[in-house]
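Analysis of the macromolecular model
Residue strings, one per chain:
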Amino acid sequence: MPTPPPPPPPRKDFPAFPFPPYPIQSEFMSFLYGALSSGPGALALLESPTGTGKTLSIICSALQWLLDRRDAAAAAPAHPSGGSGGGEDDDEPDWMRDFTPLPPEKENTKRKPKPPVMRKSVGSRRPDGFGEEGAGDDEGEFLLEDYESDSEDGARRGAGKRAHCGNSSSSEGEELDEEEGEEVTPKVYFTSRTHSQLSQFVGELKRTEFAGRIRTVCLGSRKNLCINKDVLKLGSANRINERCLELQKNKKSSKVKIEDDKRKARQAKNSCGCPMLRNRSLQKEFRSEVSNQGALDIEDLAHIGKKIGTCPYYGSRDMVRSADLVVLPYQSLLLKSARESLGLNLKDSVVIIDEAHNLADSLTNMYNSKITSSQLKAVLSHLDAYLDRFHNVLGAGNRRYIQTLTVLTRSFLRVLINNQDGASTMSSMTINQFLFALDIDNINIVKLCQYVKESNIIHKVSGYANRITSTQDGVNQFDLQQEHGEGSSIACFQALVDFLRSLLNGNDDGRIIVAKQKLNGESEEAYVKFVMLCAEKIFSEVTRDAYAVILAGGTLQPIEETRLRLCPSLPLTDIKFFTCNHIVPPESILPIAVTCGPSGMTFDFSYNSRSSPSMIEELGRFICNIVTVVPEGVVMFFSSYDYERRVYDAWTTAGIISKICKKKHIFREPRNSADVESVLNKYKETIQSCSKNCQGQGVNGALLLAVVGGKISEGINFSDGMGRCVIMVGLPYPSPSDVELIETIKHIETISSSVLVGDDKALGRKYDDECELQPGYDILRKCTKGGREYYENLCMKAVNQSIGRAIRHINDYAAMLLVDSRYAQASSNKSFSCPTDKLPQWIKARLSSAKNYGEVHRLLHQFFKLNK
């Protein structure tokens, strides 16, 4: 095996930075460069407040390291690597990635053929017009090919791979092998949570000289990159994904005549059902155009695809092998199924995960799965109808697996509706407990999931179900799916398959939540859900392959919790950690812990007190005073949508809203994410208009009522006048009645206890035998450290994310009001730590506690007079 190339030497200068860096930025880049040079196997956490140039610093140091490493390895022997690349989006479930086109294997063509798994039945075995000759008639298209489960290993090797469907003309003589070439390594993979954050990254990249030196590809979702108007108009990400795959499966075949001077022949031609993928010459043109233009974001790729008339979604994926820098969403990189089906090769490459403050929860949430009682009923009726119609013509293997699916579906449905006493509507159990309780532990779910993946049963059964429905109701099948959206036949079937795959996890990796139908007539639907708990298992799959993994974010502390959940076996001393203060001067921020209102009432927004009319009224008086002294924009965060609505309604009744409107126009965060941009634009326009026409009297800006953990609390820029003051109402502790949260707390308490005591896993399994759920507060009281610490951290991470929205650059300034007497407590009587201990250092160092409202008013008046 060849010796890996030597690491580049230490470096302190980064000439590619577009302007002279601040000292903090220089320290950041030097640290990251050094962390990468310490690989392989390096893990580093980089904490840098938003507005300090974090993205630019990451780009310049990581890409400079990449070029230096290649220069240092130039004289060394070539370092072979294999694999291919691709990407995926946060809108797609992992089952769709199994159909992603991959380049064909570049091995000897004289390979021993694999034993066939799927066989076409001869016509004589299929009565009722279902022979090969009649396969295209009416319902014949829904008939499954014979399935042989004995060839399990051979089948698995070929599963999920297929040729790209864009080879429309054989006369073009273009083969996939022509496009492959050697894969570029090492690469830098940069991943973040949303498409907008990826676009911001590419925008910063364009400011540097690397935009022209580094081959960059940005991967996005079908929803963002599809240019087929008939597909795009479906709106929903899932429906767009389903329709795209359906078009690719429906290849059009025809016979074309090829003539030359010496011969005449007829040759078969296959073309993809999507017109944007039929012409491979246009796809080649797309790749050439993108390569010539340098760093492009998702919108740029979509524009080029529209101009050329070919699919930018698959065109960008074809470029991953030759890319130096791959920019892609979280799920494309962090889901193992996505990496495998897309061929992402992390070997010898650098993985940079941005917005990593909740990485462990993000990882586990990707592996959650849920199916409702209505979905189970739909799947059961579709399976019964399909088996009833095709029972006599299906092979034994297909019949057996379909009957097994039916048995499992009935079992899941039975456990949801069997709630005769109504005493307990919700329970939690391990995977093994769930399988034994339903008496399905003898079913081989591994082979069943393999069958579903290879047999195409999902599309066959769903297609037949839609055909029946369209025949009965007299409506078009495609219109039916469009009308019902997420409740379509295929979506229901996928929910079942996702849940079945979840049962393949280890017994301690997660929990099954069973929410039964309530007997009191409430409309909440019954469901069964798998909740993934073990983030370490998922994260280790990335760190094991990558040369180095970098976690970056504005707030990553406490790092002990990060270590405990992501890599507990790694000593804290082996994790490289960098943190810095903000680049804004201390006088540009004013954090205040507000303990009481204008009338002297102590602010207590704990769950039992926050809804009292007197507390809501005192909060209203406080805001009426604040809007008179704070210019431009004020953003006010509540703990939930319900509490925001309750406060707004109470203020409207009491006349407080009309008083506020004399100084600030009021906007409210919408529940529908599609309306967020419109509200933000109106909020911004109002502030700008008031700033231009301000006469010192009348309306002086706007007030935005937002929700912690909502659409506005993360990723939204409230720079300058958009956010001169951020108000946090109370401590947004998550509800202890959240079953999934309590299961996570129990799991963290388990692993933290095991680490502290050094005992085996039996020490932490004090909850495993509990199927009936205990009240959340009882669980929290039992926790000794890890679980309670996690609960506190969830609250303060949400606070930090929200109040950090206001300071976005070095010349910005804003006040931050923490409205609750608990923010001023030195220690908690409930053995909870002081909340302000978990504030970022750059805020905590400036925090002051006001004993009365007069002091708050004076501090605000002086602050805005100084910074005006």
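Residues numbered from 1 in each chain as written. Predicted model: local features only at pLDDT ≥ 70, side-chain atom pairs only at ≥ 80, totals over all residues. Heavy atoms only, no water.

Let's talk about the overall build of the protein chain
For clarity, the threshold we go by: In DSSP terms, a helix is any run of H or I states spanning at least four residues, a strand is any run of E spanning at least two, and both are numbered starting from the N terminus. Residue burial is assigned from relative accessible area. The probe radius is 1.4 Å, only protein chains are included, and a residue is buried under 20% of its type maximum, exposed over 50%, and partly exposed in between. Contacts are residue-level and defined by heavy atoms, with any inter-residue pair within 4.5 Å sufficient. All accessible areas in this document rest on Shrake-Rupley with a 1.4 Å probe, and a residue is counted as covered only by the protein chains that are shown.
Counting secondary structure elements, the protein chain contains 34 helices and 22 strands. Going through the 868 residues of the protein chain one by one, you find that 55% of them count as buried. Long-range pairs, those at least 24 residues apart, make up 81% of the contacts in the protein chain with a sequence separation of at least 6. As presented, the protein chain carries roughly 37900 Å² of accessible surface, and 48% of it is formed by carbon and sulfur atoms.

Points about the confidence of the model for the protein chain
Quick reminder of the rule: You can read pLDDT as the predictor saying how much it trusts each residue, on a scale of 0 to 100.
Residues of the protein chain with pLDDT of at least 70 account for 77%, and the chain-wide mean is 81. Per-element averaging of pLDDT across the protein chain places helix α4 (residues 152–158) at the bottom with 40 and strand β9 (residues 350–353) at the top with 97. Considering only residues more than four positions removed or in separate chains, one finds that residues 151–164, a stretch of pLDDT under 50, has 34 contacts. pLDDT under 50 marks residues 476–486. Its contacts with residues more than four places away, or in other chains, come to 20 contacts.

Some remarks on the sheet that holds strand β20 (residues 725–729)
As a reminder of what qualifies: If DSSP finds at least two bridges between two strands, the strands pair. To obtain each axis, a line is fitted to C-alpha atoms, and for helices this fit is confined to the stretch in contact; angles are then taken between N-to-C directions over 0 to 180 degrees.
Read across the sheet, seven strands follow the order β18-β19-β17-β20-β21-β16-β22 without closing on themselves; strand pairing throughout is parallel. The open sheet has two free edges, formed respectively by β18 (664–668) and β22 (848–850), since each of these has just one partner strand. Along the sheet, successive strands turn relative to each other by an average axial angle of 20 degrees, direction set aside. Across seven bridges, strand β17 (residues 632–638) lies against strand β19 (residues 701–707) in parallel orientation. Within β19, the residue paired with M636 across the bridge is L705. Strands β16 (589–594), β17, β18, β19, β20 and β21 (814–819) of the sheet are contacted by helix α26 (residues 613–629), whose axis makes an angle of about 170 degrees with β21.

What about the packing of aromatic side chains?
Defined as follows: For Phe, Tyr and Trp, where Trp contributes only its six-membered ring, two rings pair if their centres lie within 6.5 Å, and the inter-plane angle classes them as stacked under 30 degrees, edge-to-face over 60, or tilted in between. A positively charged side chain is recorded as over a ring if its NZ (Lys) or CZ (Arg) lies within 6 Å of the ring centre. The angle to the ring normal must also be within 35 degrees.
By the definition in use, this model includes 23 aromatic pairs. With centroids separated by 4.6 Å and ring planes inclined at 45 degrees, the aromatic side chains of Y386 and F390 adopt a geometry described as tilted. Taken together, the residues span about one helical turn, with Y386 and F390 both in helix α17 (residues 373–390) at a distance of four residues. The structure contains a cluster of three or more aromatic residues connected by ring pairs, namely F603, F605, F622 and Y853. Across the ring face of F390, the terminal group of R389 is positioned such that the distance to the ring centre comes to 5.6 Å. Taking the ring centre of Y643 as reference, the NZ or CZ of R610 above it sits at 5.1 Å.

A short note on the sheet that holds strand β12 (residues 510–515)
One key point about sheets: their strands pair by backbone hydrogen bonds, in either a parallel or an antiparallel sense. Taken together, four strands build an open sheet; the order of strands is β10-β13-β12-β11 and the sheet is antiparallel. Each edge of the open sheet is held by one strand with a lone partner, namely β10 (369–372) and β11 (426–429). On average, each strand axis in the sheet is tilted by 15 degrees relative to the strand beside it, whichever way the strands run. With four bridges connecting them, β11 and β12 associate as antiparallel partners. What sits directly across from S428, in β12, is I513. The strands that helix α23 (residues 489–502) touches are β10, β12 and β13 (527–532); relative to β10, the one it contacts most, it runs at about 130 degrees.

Re the pairing of β16
The element β16 is largely enclosed, with a buried count of six among its six residues. In β16, alternate side chains face the same way, and those of I589, P591 and A593 on one face and L590, I592 and V594 on the other are all buried. Relative to β21, β16 runs parallel, the two sharing six bridges. Across the sheet, the residue bridging to L590 is A815, located in β21. Pairing geometry for β16 and β22, over three bridges, is parallel. Bridged to V594 within β22 is A850.

Observations regarding the nonpolar core
In globular proteins that are soluble, nonpolar side chains generally tend to be buried together. Short version of the rule: For this analysis, a nonpolar core means a set of buried residues of the types Ala, Val, Leu, Ile, Met, Phe, Trp, Tyr and Cys, connected via side-chain atoms within 4.5 Å.
Ranked by size, the top nonpolar core spans 150 residues in total, and within it F412 and F434 carry the most contacts. In terms of residues, this core owes the most to one element, helix α2 (residues 54–72), which gives nine residues. With residues near it in sequence (within four places) discarded, F412 still touches L376, F434, L438, I440, L496, F499, L500 and L503. Residues L619, I626, V630 and A815 belong to the second largest nonpolar core, which totals 42 residues.

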